[in-house]
Amino acid sequence: MNFTGLLFVLIGHFLSGRGTLAIFNIKLKPLITFLVSMILGVALLSLVPFIMQLFYIPITRTNVILGIAILCLLLNIPTLIRLRSGNITMPKLNFNLEFYEIPVLLVFTVVMLVSIWRCFYYPPFARDMLSGPEAIAEFTVREKTMLNSIFSLNLESTNNHLKPPYVTDLQIIYKMLVSPFGQVWLSVLAVSFLIWAYAILREKLHPFIAGIIFLFFFTMPDPFAYTYIMLFDYSNMVFFFAGFYFLVQYLEKKQYNIFLFSVLLFGIATYIRLETLVLEGLILPLLFFYFRKDKVPPVKIIIRFAIFLIVPFFFYEMWVGLFVKHYLPVHFDVSQEINKNFSNLSPFFERLGSMTKILIFGISDNPNQKDINLRLYGYFVYLFLLILIVDIIFYRKYFTLESKVALYGILVVYLGMPFLGYLIPWVDLMNTTKRGLYKMFPLMLLYMRNSGLLQMLSNNIRNWELPQIPGAKRPKTAMANTSQPKPAAQPNKKNKK
Amino acid sequence: MNFKKIILFVAACLILLIFFNTTFYGNWFQTKIYRAWESEAEVETFDYQWDHMDPVQRKIDKLASTYTFSQQVAEFLKKNGAKNPLVLLPPQEYIKERQIDMIIPEPIVFYYHCGVKGAWYNSANVNQANWAIIARNGELTIIPIQNQPERDAIIASYKSAVDKANQAAGQPK
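Cut-offs and rules
- Residues numbered from 1 in each chain as written.
- Chains lettered and ligands numbered in written order.
- Predicted model: local features only at pLDDT ≥ 70, side-chain atom pairs only at ≥ 80, totals over all residues.
- Heavy atoms only, no water.
- Helix = DSSP H or I, 4+ residues; strand = E, 2+ residues; numbered from the N terminus.
- Rg over C-alpha atoms; globule rule 2.2 N^0.38 Å.
- Buried < 20%, exposed > 50% of the residue type's maximum accessible area, 1.4 Å probe, protein only.
- Contact = heavy atoms within 4.5 Å.
- Lys, Arg positive; Asp, Glu negative; His and termini not counted.
- Charge placed at Lys NZ, Arg CZ, Asp CG, Glu CD.
- Pairing = 2+ DSSP bridges.
- Phe/Tyr/Trp six-rings, centres within 6.5 Å; stacked < 30°, edge-to-face > 60°.
- Axes fitted to C-alpha atoms, helices over the stretch in contact; angles between N-to-C directions.
- Left-handed = near helix turned anticlockwise from the far one by under 90°.
- Nonpolar A, V, L, I, M, F, W, Y, C, P; charged D, E, K, R; others polar.
- Salt bridge = Lys/Arg side-chain N within 4 Å of Asp/Glu carboxyl O.
- Polar contact = N/O pair within 3.5 Å; in protein donor to acceptor, adjacent residues only side chain to side chain.
- Core = buried A, V, L, I, M, F, W, Y, C linked by side-chain atoms within 4.5 Å.
- Domains from an automatic or database assignment.
- Parallel < 35°, antiparallel > 145°, perpendicular 65-115°, else oblique.

As for the overall build of chain B
Thinking step 1. A tally of regular secondary structure across chain B gives seven helices and four strands.
Thinking step 2. A globule of 173 residues ought to have a C-alpha radius of gyration of about 16 Å, yet chain B, at 25 Å, is considerably larger.
Thinking step 3. With respect to the principal axes defined by its C-alpha atoms, chain B has extents near 85 × 45 × 30 Å.
Thinking step 4. The 173 residues of chain B split such that 41% are buried.
Thinking step 5. Once local pairs closer than 6 in sequence are excluded, the contacts in chain B between residues at least 24 apart make up 56%.
Thinking step 6. Each charge class in chain B was averaged separately, 18 positive and 17 negative side chains, and the resulting centres sit 7 Å apart.

Given below as structure tokens:
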């Protein structure tokens, strides 16, 4: 392990992510700024070897270091200008951790240390990686070009060499600068994302309740495994969720810069898994509904729709339309991969049915698939459903904009994955769909932090813990963004009475 | 410290205790997390891994025979001075038919592991293959291909195994 290299790359992630946040004028609390910067920075650095290859610049160690430095510099020009003018203040870190959060966070730390170690120690071993991105990355390091001897092989057994360059590029960077197996970027992403997820919960829920929900979230067996098994889906989930999170922020605050930032995040999600573009298309009705509600003029609606689709499509085209078509020495016709019989909708309904039965509820005649839902996702989905049902029955009044958008997002994934299976026959149930469903889970968290039931429980604990003195302000417990929209409706049984 | 915070702390500990004592999460913790400290498979423990940091050893431990097989083939070819080798890799059905417990990597993975090019019996460049993996006495061995009839015979034996497996599975040839 090259610690200097690791430090350089980590700083690179932070600076590139932080610079991008500044460009979009996204203001978050310091801890969240750091976490979102790291997450964003992982994806941004992955563009470096790709851009170098587009210009046929040899992908050497020195060039990669220079590329990262230049990218960070370019993205931080606005920050540097502000720094020169003295118009910048140092953030004040305020973690404000409660004593009773320690047990859950301690378990989280132990679990993630195991994940980080495995991510570092084991060589990449997923077949989809070895027969594509990992192999290309390994030979790029040796041959200094992504158009390397891998493409002189018999590739009839795989299409993994055609998958987007996100993993390949991160592997190139980490193999050159950090460790021979690369991969550690996945830990950077997973740890940053999970802490962010906890902070998101904690913004609106009592830390005790947030801790219990978070416990069910980070112990989901299958997603946990992919915090150290390198594949596309975990990253795709992170950026798809981030896109949704900032889309909600935009719908609440009506700040156009946040909309653009959200679109960028959806673009990155597409850059990781190209078929995400289809799911993003399914978000348009939601946008249309809110644009109409806000009386946005039709021309502006059209422009925003165009932006919402063009940015992810740009990322799609950058790979499929430009690189695969004009750079790769292999032929690939995307139309061959798509279902020709559009009129027959039965594959969609069949997939929707089997996905619901097997993956979500674990109902199957095949003994190997019985209770597979628990082996994959633990009891998290059941917990969500239970909370949702209680909310629908008892707390209907307390649905917030955020909870509605989160539910819409869950629906997009729930219907979108079978739709992808209908559209693209190689999107199978037990691999692509199983991991594609990950995208629902952080959205379920987003819903749960707004849940009327959990809000009521949180308020009751708060009232018991710190009985409010009339006129006195309750100390803040949230460690995350204070630039929050108005807090979720906070039902309290006593108040209700 | 606020007494109520201590109660919440104890409650959090109790919840964790109950959570990891349920059959499902207890089992998950035991098999996925605690395994790093204590496991029947020694290679999965921190102790073992800390003492075996060599990347090649780590590949052997994790990728097992797929990696060692590829390495052995590459080493053999290097020893025998093979120039531009293209190795005919047997299909998995052939390996199974010969009752050998081994997973043969596909050409791209084989190349990734050892830097030697491989081909399948149905690859476009199969007629350029100058080495082949065959089963002999319950073991895999690598042989040079001298001429086209020899190559055809090897391909036929591979194909026959695939056809038999397909027939058994009720699929057309």
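Picking up after the structure, the text goes on.
Here we look at unusual backbone geometry
Thinking step 1. Its identity is not glycine, yet Asp371(A) carries a phi of approximately 60 degrees, on the positive side.
Thinking step 2. As for its placement among the helices and strands, Asp371(A) is situated in the loop between helix 18 (346-360) and helix 19 (372-377).
Thinking step 3. Within the chain, Asn137(B) stands out as a residue other than glycine whose phi angle is a positive 55 degrees.
Thinking step 4. Relative to the assigned elements, Asn137(B) resides in the loop between strand 3 (131-136) and strand 4 (139-144).
Thinking step 5. On the basis of relative accessible area, Asn137(B) is assigned to the exposed category, the value being 78%.

Digging into the pairing of strand 4 of chain B
Looking along a regular strand, one sees the side chains alternate between the two faces of the sheet.
All names here are of chain B.
Thinking step 1. As paired strands, strand 3 and strand 4 are joined by six bridges and run antiparallel to one another. Paired with Ala-135 across the two strands is Leu-140, which belongs to strand 4.
Thinking step 2. The hairpin formed by strand 3 and strand 4 contains two residues between the paired strands, and Asn-137 there has a positive phi angle of roughly 55 degrees.

Points about the packing of aromatic side chains
Residues and elements named next belong to chain A.
Thinking step 1. Applying the stated rule across the entire model yields 72 aromatic pairs over all chains.
Thinking step 2. Summarising the aromatic geometry, the rings of Phe-14 and Phe-34 are spaced 5.6 Å apart at their centres and angled 35 degrees between planes, so their arrangement reads as tilted. Of this pair, Phe-14 sits in helix 1 (residues 3-23) while Phe-34 sits in helix 2 (residues 30-45), and the two are 20 residues apart along the sequence.
Thinking step 3. For Phe-14, a relative accessible area of 25% puts it in the partly exposed group.
Thinking step 4. Classification of Phe-34 by relative accessible area gives partly exposed; the value is 40%.
Thinking step 5. An angle of 70 degrees between the planes, with centres 6.4 Å apart, marks the rings of Phe-259 and Phe-291 as edge-to-face. Remark: Phe-291 occurs in helix 16 (residues 284-293) and Phe-259 occurs in helix 14 (residues 256-272); sequence separation between them is 32 residues. The same class applies to Phe-259 and to Phe-291, which are both buried.

Some thoughts on the packing of helix 4 (residues 61-75) of chain A against helix 9 (residues 166-177) of chain A
Residues and elements named next belong to chain A.
Thinking step 1. Between helix 4 and helix 9, the least distance of the axes is 10 Å, while the angle of their chain directions is 115 degrees. Crossing of helix 4 over helix 9 shows left-handed handedness. Along its contact with helix 4, which presents Arg-61, Val-64, Ile-65 and Ile-68, the element helix 9 presents Ile-173, Met-176 and Leu-177.
Thinking step 2. Residues of the contact of helix 4 with helix 9, tallied by class, amount to six nonpolar, no polar and one charged.

Description of the interface of chain A and chain B
Thinking step 1. Chain A puts 56 residues into the contact, and the matching count from chain B is 52 residues.
Thinking step 2. On inspection of chain A and its partner chain B, the count reaches three salt bridges.
Thinking step 3. A salt bridge links Glu98(A) to Lys5(B); the nearest nitrogen and oxygen atoms lie 3.2 Å apart.
Thinking step 4. Scanning the region where chain A abuts chain B turns up 18 residue pairs in polar contact (both at pLDDT 80 or more).

Considering the pairing of strand 3 of chain B
All names here are of chain B.
Thinking step 1. Most of strand 3 sits inside the fold, with five of its six residues counted as buried.
Thinking step 2. Of the pairings in the sheet, the one linking strand 1 (residues 86-88) to strand 3 comprises two bridges and is parallel in character. The partner of Val-87 across the bridge, within strand 3, is Trp-131.

As for the nonpolar core
Thinking step 1. With 204 residues, the main nonpolar core has Tyr166(A), Trp196(A) and Phe239(A) as its most contacted residues.
Thinking step 2. Domain assignment of the residues forming this core places at least three in each of domain 1 (3-51) and domain 2 (55-168) of chain B.
Thinking step 3. Beyond its immediate sequence surroundings of up to four residues, Tyr166(A) is in contact with Val42(A), Ala43(A), Ser46(A), Trp185(A), Leu189(A), Ser235(A), Phe239(A), Tyr271(A) and Ile272(A).
Thinking step 4. Judged by nonpolar contacts, the second largest core, of 33 residues, contains Leu86(B), Tyr94(B), Ala135(B) and Ile142(B).

Focus: the pattern of salt bridges
Residue and element names in this part refer to chain A.
Thinking step 1. For the structure shown, the criterion picks out 21 salt bridges over all chains.
Thinking step 2. Residue Arg-202 is joined to Glu-101 by a salt bridge in which the shortest nitrogen-to-oxygen separation is 2.4 Å. Placement of Arg-202 in helix 10 (residues 184-204) and of Glu-101 in the loop between helix 5 (77-84) and helix 6 (102-121) is noted, with a sequence separation of 101 residues between them. Each member of the pair, Arg-202 as well as Glu-101, is classed as buried.

Regarding the packing of helix 16 of chain A against helix 21 (residues 401-423) of chain A
Residue and element names in this part refer to chain A.
Thinking step 1. In the contact formed by helix 16 and helix 21, the axes pass within 10 Å of each other and the chain directions differ by 155 degrees. If you check the angle between helix 16 and helix 21, you find them roughly antiparallel. For the pair helix 16 and helix 21, the crossing hand works out as right-handed. Of the residues in helix 21, those touching helix 16 at Pro-285, Leu-286 and Tyr-290 are Leu-401, Lys-404, Val-405 and Tyr-408.
Thinking step 2. Partitioned by chemical class, the residues of the contact of helix 16 with helix 21 number six nonpolar, no polar and one charged.

Here's the deal with the domain arrangement of chain B
Thinking step 1. As far as domains go, chain B holds domain 1 (3-51) and domain 2 (55-168).
Thinking step 2. Each of domain 1 of chain B and domain 2 of chain B was reduced to a C-alpha centroid, and the two centroids are 43 Å apart.

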